[in-house]
Structures are given as structure tokens and as C-alpha cells.
Amino acid sequence: MSRRPPRGEYIETDTGNKVARKATLVGTQNIILGGKTVIQPEVMIRGDLIRSVQAQSSSGGAPASNTAVAIGRYCFLSRGCCLRPPGRLYKGAFTYMPLRIGDHVFVGPGSVVQAAFIGNHVHIGSKVAVGESAIIKDYVRILDGSVVPPNMVIPSFSVVAGQPARVIGEVPEGGHEAFELRDLYKTVGNNPQPAPS
Amino acid sequence: MAPLSPYTYIQCPCSDPGNLSSATRSSNPSSPADEDCFDPRAPRSNYSLYPLEYLLFCDDCHQIRCPRCVAEEIVAYYCPSCLFEVPSSNLKSEGNRCTRSCFQCPVCIGPLSVSSLETQPESNLLSAPDNAPAPHTGPYILSCSYCNWSSTEIGITFDKPNNIHAQLAKQRNGGTTRLTAKERKDRRKDMAQSGLRSQSPTPASPAATSGTGQTQEPLDLETQFTNLKTFYQRQLAESNSSHGSSMDLSSLGDLGFASPNSLSRIMSIYTGGGLHDKKAKARAGVMREALSPDEGLQLSDLDESPAIAHLHTHGHAGTITTEQRLAQPPNLGEPHLHGATRFESTLRPIPYLLRTKRSKRCPICRHIISKPEAKVQTTRFRIRLVAGSYIPSITIKPLNNPAALPETLEPLKPVQYVLTFKNPIFDPVKITLASPSKTPGRFGSKVTVLCPQFEIDANTDVWDEALKDGGDASGTSRKRQQQQQQQRRGDDGGQQAEAGKIWERGRNWVSIVVEVVPASLRLDRLATTTTGKGQDERETKEVRDDDDEEEEEEEEEEEQEDRKGKKAIVDTSPLKEDEDVLEIPMFVRIEWEADSVGDDMLGGGSSAPARDKDVKEKRELAYWCVLGLGRVRQD
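None of these values were measured; they are calculated from a predicted model. (Residues numbered from 1 in each chain as written. Chains lettered and ligands numbered in written order. Predicted model: local features only at pLDDT ≥ 70, side-chain atom pairs only at ≥ 80, totals over all residues. Heavy atoms only, no water.)

Participant: Can you explain the sheet that holds strand β8 (residues 111–116) of chain B? Please cite residues and give values.
Facilitator: All names here are of chain B. The four strands are arranged β9-β8-β7-β10 in an open sheet whose pairing can be described as antiparallel. Because the sheet does not close on itself, it has two edges, and the strands there are β9 (140–144) and β10 (350–351). Sheet topology places strand β7 (residues 103–104) next to β10; two bridges connect them, and they run antiparallel. Bridge pairing in β10 places Q104 opposite I350. (Pairing = 2+ DSSP bridges. Helix = DSSP H or I, 4+ residues; strand = E, 2+ residues; numbered from the N terminus.)

Participant: How would you summarise the side chain of B:D580 if you had to cite specific residues and measurements?
Facilitator: Take B:D580: it is sitting in the loop between α16 (548–567) and β21 (581–595). A polar side-chain atom of B:D580 sits 3.2 Å from a polar atom in the side chain of B:R631. (Polar contact = N/O pair within 3.5 Å; in protein donor to acceptor, adjacent residues only side chain to side chain.)

Participant: Requested: an account of the interface of chain A and chain B, with residues and values cited.
Facilitator: Listed by partner, the interface residues are 32 residues for chain A and 34 residues for chain B. Roughly 2,800 Å² is buried in total at the junction of chain A and chain B, and carbon and sulfur atoms are behind 57% of that figure. Taken together, the connections running from chain A to chain B amount to four salt bridges. Where chain A packs against chain B, one counts 11 residue pairs in polar contact (both at pLDDT 80 or more). Of the residues forming the side of chain A that touches chain B, the biggest block, three residues, is contributed by strand β23 (residues 166–170) of chain A. (Contact = heavy atoms within 4.5 Å. Buried area = accessible area lost by both parts, 1.4 Å probe. Salt bridge = Lys/Arg side-chain N within 4 Å of Asp/Glu carboxyl O.)

Participant: Can you tell me about the sheet that holds strand β18 (residues 453–456) of chain B, naming the residues and giving the values?
Facilitator: Residues and elements named next belong to chain B. Taken in spatial order, the six strands make up an open sheet running β2-β1-β22-β21-β16-β18, and their pairing is antiparallel. Each edge of the open sheet carries a strand with a single partner, namely β2 (49–51) and β18. The average angle at which neighbouring strand axes cross in this sheet is 35°, direction not considered. (Axes fitted to C-alpha atoms, helices over the stretch in contact; angles between N-to-C directions.)

Participant: Run through unusual backbone geometry, naming residues and quoting values.
Facilitator: Leaving glycine aside, a negative phi is the common case for residues, and trans is the common case for peptide bonds. All names here are of chain A. A cis amide bond links Q163 to the next residue, P164, at an omega of 0°. Of note, P164 is situated in the loop between β22 (158–161) and β23. Although it is not a glycine, H104 sits at a positive phi angle of roughly 55°. Its place among the elements puts H104 in the loop between β12 (99–101) and β13 (105–107). H104 sits in the buried class, given a relative accessible area of 5%. At H121, a residue that is not glycine, the phi angle is positive and equals roughly 55°. Take H121: it is sitting in the loop between β15 (117–118) and β16 (122–124). (Buried < 20%, exposed > 50% of the residue type's maximum accessible area, 1.4 Å probe, protein only.)

Participant: For the side chain of A:K137, give the residues involved together with the corresponding values.
Facilitator: You can see A:K137 is positioned in the loop between β18 (135–136) and β19 (140–142). One buried charged residue, A:K137, forms no salt bridge at all, with the nearest opposite charge on A:D138 at 6.3 Å. (Lys, Arg positive; Asp, Glu negative; His and termini not counted.)

Participant: Give me the lowdown on the packing of aromatic side chains, citing residues and values where you can.
Facilitator: Here the structure, examined in full by the defined rule, presents 11 aromatic pairs over all chains. Ring geometry for B:F421 and B:F454: centres 5.2 Å apart, planes at 65°, overall edge-to-face. Of this pair, B:F421 sits in strand β15 (residues 415–422) while B:F454 sits in strand β18, placing them 33 residues apart in sequence. Of the two residues examined, B:F421 and B:F454, each falls in the buried class. Of the aromatic side chains, those joined through ring pairs into one cluster are A:Y139, A:F157, A:F179 and B:F381. In this structure, A:K18 is placed above the aromatic ring of A:Y185, and the distance from its NZ or CZ to the ring centre is 4.0 Å. Directly above the aromatic system of B:F84 lies the positively charged group of B:R100, at a separation of 3.7 Å from the ring centroid. (Phe/Tyr/Trp six-rings, centres within 6.5 Å; stacked < 30°, edge-to-face > 60°. Lys NZ or Arg CZ within 6 Å of the ring centre and 35° of its normal.)

This is how it looks when you write it as C-alpha cells:
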């Protein structure tokens with residue numbers, strides 16, 4: 001599929017992921033894409049930063065999850081953003097923890113995300129730094145240039161901005177649909193379609 | 001100045017003066033005339049304009065509702081950090097802050113995390129992972145990973161990693177113990193009992209009864225209050241018993257601060273009326289004031305030399321900002337007067353303020369129009385009637401280069417914008433637009449809506465669209481290509497947009513063109529533009545021939561404006577804030593035929609009688625909206 005004569009800018013997988021050839025994915029075996037996710041050029045995902053200390057519970061059973069970054073469906077990683085699993089001390093030793101991202105998550109250009117968990121329908125603006133082990137729940141909008149401090153928990157329907165980031169408002173009831181990224185997904189790729197007006 | 005992307009704000013009818021007083025409305029029943037024309041710059045408009053997403057819609061009143069007019073009810077309280085729900089009973093006893101271990105940094109308001117002081121050096125040795133898990137013992141601290149503040153800076157450590165809130169309540173800055181509210185209460189009880197015992201012999205000499213070293217330590221607020229309360233109660237009782245002797249003083253004493261009357265009145269205000277004694281009104285007499293700490297006397301500490309000394313040693317870097325001071329929680333039982341916390345050493349970790357989930361009711365019919373699930377973690381809504389699913393959304397794009405927005409609008413150079421109306425409801429709607437030909441304000445830009453009346457097809461199922469997509473999409477895309485070709489050929493934009501014609505239409509959307517001539521922001525031109533305006537308007541009127549209503553309206557406007565022009569008192573004060581933003585007020589009227597629901601539709605926007613149930617019912621909705629196009633360049 002990807003070996004077509006005119007090599008497109010994106011590699012489109014069977015599950016509908018569109019991964020730019022110019023994106024840097026380190027440790028691809030530890031990165032899970034849920035499908036229909038767009039990874040633009042110059043995006044970096046650090047899949048090599050896996051857990052070095054296995055949790056006690058999972059070490060006994062099947063090979064513990066080596067996932068470093070798990071991304072859901074219809075996510076959009078803009079140009080130049082970086083996803084990095086958070087690191088922390090676990091029982092006296094330093095280890096990385098997986099970074100889990102839900103569906104319909106937009107990461108703006110130039111943002112660095114080191115969160116532990118990002119829910120569904122989250123919009124992260126451009127040049128945002130999400131600190132280590134932050135937890136971002138569903139329907140959260142992080143405005144451009146925010147610095148989310150490490151370990152911060154952002155509850156659902158929050159609008160967050162500032163350095164350090166604080167909750168500055170609520171997502172209104174009518175604003176839920178704006179988080180949908182299905183239309184945006186169609187506008188990129190090797191044969192992009194214009195956005196519906 | 002940052003470029004402005006086009007926006008649409010919609011006015012909620014709650015702020016419409018016509019809704020407030022029916023008299024003014026009836027005097028002018030026709031379509032909005034010029035003086036009725038909505039001015040987006042009026043100070044009042046600040047409170048009524050909302051983006052579509054913020055608006056709700058009452059299904060029963062058929063009216064738009066805004067966050068300002070809906071009635072809110074709290075469904076659940078929860079901590080925004082640990083996301084635990086707090087029952088409302090706890091709220092009364094514990095206050096509106098999280099009582100777990102959720103704290104904000106007093107310096108930067110970042111979240112504080114609990115960490116152990118002891119294991120810190122051990123981890124630096126990078127012990128092997130198979131080592132025995134380091135025992136988390138020893139003192140724990142709250143630390144901020146954003147600004148590296150930690151509770152050691154104020155001399156506070158914790159013995160246990162959990163229930164930090166209770167541990168913190170027992171500690172003063174510096175680590176000295178502090179009485180909790182409960183302990184203070186117990187102590188007060190003891191004192192009250194001892195006070196009662198000593199009351200009978202000599203009530204006026206409490207110095208003898210104290211003697212527990214209370215005088216050194218300043219009283220906390222609650223103790224002071226209870227001491228004062230008991231003291232004054234005693235005084236009241238005394239004056240009651242010995243009344244009659246001081247009746248002649250009542251005329252003076254009634255007004256005085258120390259009079260029993262005013263005291264009992266004040267106390268009834270603060271204690272909930274339990275102390276208010278009707279009989280006491282008749283009594284009068286001057287009482288003495290509290291003289292000792294046991295009676296509630298608290299000498300205020302006016303000696304500021306320690307603060308000055310602290311400032312000498314730590315400098316201004318050791319002081320706190322106003323924001324930091326305001327973020328400080330009121331410490332129960334501690335005096336939190338203005339300026340009490342002025343130094344970083346006096347800061348306390350801030351327990352997270354609780355957040356709420358709220359349901360919203362229509363202010364008029366009391367129906368619930370938005371109700372979230374009560375569970376904190378779920379994001380579903382049981383009821384969510386948003387305006388976006390009832391009224392068409394309006395998007396604005398420049399006609400000629402839809403991709404790149406111009407930085408600023410060129411004054412006196414016509415620009416064309418495509419307004420796209422998207423119909424969210426499942427019935428075809430008819431839309432009538434009206435806008436003043438000249439925007440209100442000092443710098444009136446000329447506005448021409450090329451197609452003020454059109455119909456939008458129903459919002460059919462997505463499946464229908466998908467099935468139809470083959471034939472339909474090719475048609476629109478061809479049109480688009482044509483447009484693009486035309487643009488590439490460098491055609492004039494004015495040729496393409498025909499008056500009275502829809503620019504483009506789709507399944508449930510219609511695009512029309514609006515032509516705008518931005519006003520010049522030059523103050524010296526203000527006078528000339530107001531006089532030479534009449535003729536231009538006549539031209540625009542000819543273009544707009546479809547709508548009779550529209551014409552009448554415009555004539556009225558013209559008359560008004562001509563009159564204004566004659567008066568010509570030109571305000572040439574310098575440009576005010578955001579006066580360069582080009583905002584077009586536009587009156588939108590939507591008419592559609594909906595299935596009649598029942599008899600309960602008599603009110604609201606339904607114009608047809610709701611008798612026949614199967615007959616389609618005619619509905620209409622009208623509101624003002626404001627189209628913000630951008631900033632006009634200043635020359």
C-alpha cells in the first residue's frame with residue numbers, strides 16, 4: 001500500500017492511521033495507535049522510554065505491558081509536538097510510566113506532553129507543556145502556551161491556561177461537539193479532502 | 001495587536017429591553033427601527049452576547065437561554081484534584097475545601113504532592129530495582145514540583161503521608177502545635193464552666209478567675225467571640241434585673257454602641273436571632289465594655305517592629321504578592337485580618353476549593369434544560385438542550401482567500417465575506433436577515449447583505465447524506481473548482497456575488513455573501529463621512545429589492561441618520577478600546593414548520609393555534625447576532 005509509485009507524505013495503515021514519513025517514532029513496538037490517528041511531520045513519540053521496573057502485580061503474570069505510549073482513535077498530533085512517557089521514582093528506583101491517551105485528542109504544534117493520562121475529547125493548544133504525570137480528564141481545553149505543572153489533575157469540562165496552568169473556566173454545554181476530530185482527520189493525508197464548511 | 005478571527009455572537013433575549021418593559025415594545029411593533037438597532041458596543045451588550053456554544057435553549061418556551069439568565073442547581077460537589085465527591089452534609093461542617101490531602105502551592109498555586117524526606121537521599125544512590133522497597137518512613141512534606149516550594153520552608157512536616165489536612169490543622173508554621181477547632185471548643189467549655197462558677201461572687205473581677213496564662217497568647221477568633229458573647233449576655237441579664245434605675249438614659253443609650261438595645265440587635269444578627277429578646281427593647285442602660293481576655297478583650301497588636309525587622313533581614317523577596325495573599329484560605333480560628341500574612345514564612349498550603357456539577361433550569365418555565373449525571377467521573381448529560389441544535393450556526397469566511405485571513409481590514413476598500421448558515425433541525429427553515437446599512441458607533445462601516453432571505457433544507461440523516469454523497473458532492477466540488485478557477489483568473493469578487501442570489505448551498509447549509517466597506521478610522525474624516533453618506537445608501541437600497549420589510553426599515557434608518565447628520569455633533573475624541581473592531585449587528589429571523597407537539601405550546605414563539613395536532617405548526621424565532629469581522633487598519 002505504502003509502496004505506491006508516488007510516495008505520499010503519509011503512511012496510511014489498515015486501521016486508518018496516517019503517520020507522516022517525517023515523524024520520529026522511537027521504539028515503535030511500544031507505541032499503540034488506536035486507528036484513524038494522524039501523526040504529522042516532525043512529531044516525536046518516545047516509545048523507547050518503557051517501564052524499567054515492573055509493577056509487582058503484573059510481573060507474575062503474562063509479559064507485562066511494554067506499552068510506553070497508547071493513543072486512542074481520531075487523535076491528531078500536530079507538527080513538532082512531542083509525546084514522552086512520564087518518569088518517576090517507583091519504590092526507590094527511577095522508572096517510566098506509560099502515557100495513555102484517549103480518543104479525539106488534539107495536540108497542538110510544538111507542545112510537549114508528559115502526562116500520565118489524557119482522557120477523551122481533549123484539546124491541547126500550541127506550545128503547551130504538560131508536566132510529568134499530569135492527569136487530564138475528558139473534555140478539557142488547554143489554551144496555547146500553558147504550562148501544566150507536574151502531577152496536576154485537570155477535571156472534566158475545564159478550560160486551563162497560564163503558567164503554571166490553572167482552571168480558568170468551564171467548557172460550555174454547547175461546546176462538546178467542537179472536540180470532535182473526525183472532520184479534521186479527513187483533511188490530512190495523501191489525498192486530503194477539504195473541510196466541510 | 002493580535003489579528004482577530006471572525007466570530008459570531010448571539011444576543012440572549014433576557015437582556016432585551018423590549019422583554020423587560022412591554023410598553024416600549026408595543027409603541028414600536030414593526031420591525032426593528034434604527035433606534036432599536038442593536039449596538040454591539042453599548043455597555044449593556046457586554047452582558048448579553050454569547051458565542052453559540054454558551055447558549056442553551058428552552059424547548060418549552062422556544063427561546064434562547066444564556067448562562068446569565070438560567071437558574072443553576074448544584075448536583076454534586078467534588079474536589080478537582082482527587083475527584084472525590086463531597087456530600088453536602090460534609091460541606092456544612094468542613095467548609096468548601098477538600099479535606100483530604102489535596103493542596104495547592106501557596107507560591108505558584110501548582111499542585112502539592114506528598115513526599116518523604118527520608119528516602120530522598122537513598123534514591124540518589126540509584127539503588128537497584130530488585131532492592132527491598134524503600135520503607136517510606138520518617139517525616140513527610142508537601143512539595144511543589146513546579147516552583148520547588150516545600151512545606152519545610154514554613155517549618156511544617158507530617159508524620160503520616162495520609163490525612164494531611166487534619167495534620168496541617170494541628171500545626172502552626174514553624175511546627176508548633178495548634179489547637180484544632182474541636183479542642184478549642186472543649187477548652188471554651190471548660191472556661192465557660194469555670195467562668196460560671198466564678199460568676200456568682202464577683203462577676204466584675206474575672207482577672208482572678210483566669211490565671212492560666214491566657215493573656216500571653218492572643219485569643220483565637222472563636223474564643224474571643226464566645227467570650228464576648230457570654231460577657232454581653234451577662235451584662236444584658238444584669239441590666240434587665242436592675243432596670244428602672246436608668247430609664248432616663250434610654251433616649252441617649254438607645255443609639256449608643258454600648259446600649260443593650262443595639263447590642264442585642266447586633267447579636268441577634270450574628271447569632272441567628274436566638275438572643276433577641278422582645279422585652280429587652282423596653283430596657284435601657286449603659287453597659288460597660290469588656291475589660292479582660294476572659295470577657296473577650298483583645299488588645300490589637302500595633303507594634304510592627306517584628307515585621308519591619310523581618311523586612312530588614314529578608315527584603316522584599318520575602319514578601320508575598322496580593323494574588324498569593326488572596327489565595328490564602330481563611331484559617332479557622334486564626335485572625336486573618338488584612339495584612340496579617342505579609343511574608344512568605346506565613347504562607348500556608350491552600351486546600352483545593354471544591355468544584356460543582358450544576359444543572360440548569362429555564363428561568364421562566366422552570367424546566368430543566370441541562371442536567372449532568374450526578375457521578376463525578378462521568379461526563380454524560382441526562383438533559384442537554386443546547387442552542388446549537390436548534391438555531392443555525394453562522395460561520396464567516398472571507399470570499400476571496402478563504403484560507404488566509406487578512407491581518408487587518410483596509411479602510412474604505414470593499415471586502416466580501418461568505419456567511420454560511422447551517423441548519424441543525426430536521427425541518428427546512430426560512431431565514432430572513434436584517435442589518436443596518438451602516439454599523440452603529442462613530443465609525444460606521446457600510447454593510448450590504450446580498451441575499452437577505454433564503455431557505456435552508458432540513459438536516460436530514462447522516463445516512464441519507466452518505467448515500468446521496470456520490471451525486472451531490474461532485475456537483476458542489478465542481479462548483480468549487482469553478483470558483484477557484486475564477487479566482488485564479490483574477491476576477492473581481494464583485495462580479496461573482498450576485499445580489500439576491502444564494503452563493504452556495506449544500507444539504508443543510510446555505511452560504512450568502514455580505515459586502516462590507518470598512519470605515520476609515522481617521523478622526524478628521526468623521527465629519528465628512530457622516531454628511532456624504534445618504535447617497536451611498538440609496539444605492540445599496542436598490543440592490544436589496546427582495547424584501548419589503550427590509551426596505552421600510554432602511555428608509556426609517558435613513559431618515560434617522562439624515563437627521564443625525566444634520567445635527568452633526570461629531571465626537572472627535574481619540575480612538576477608544578476596540579473601536580477599530582468591525583462588528584455588524586444582524587437581526588436573524590427563522591421561520592419553520594414543525595410538527596405540532598400539543599396544547600402546551602400556546603406560549604412562546606408559536607404563532608399558529610396548536611389545536612390541530614396533525615397539522616404542521618408554524619414557528620418562528622428571532623434574535624440579534626453580531627458578526628465580528630476583524631480590525632480595521634488605522635491610517
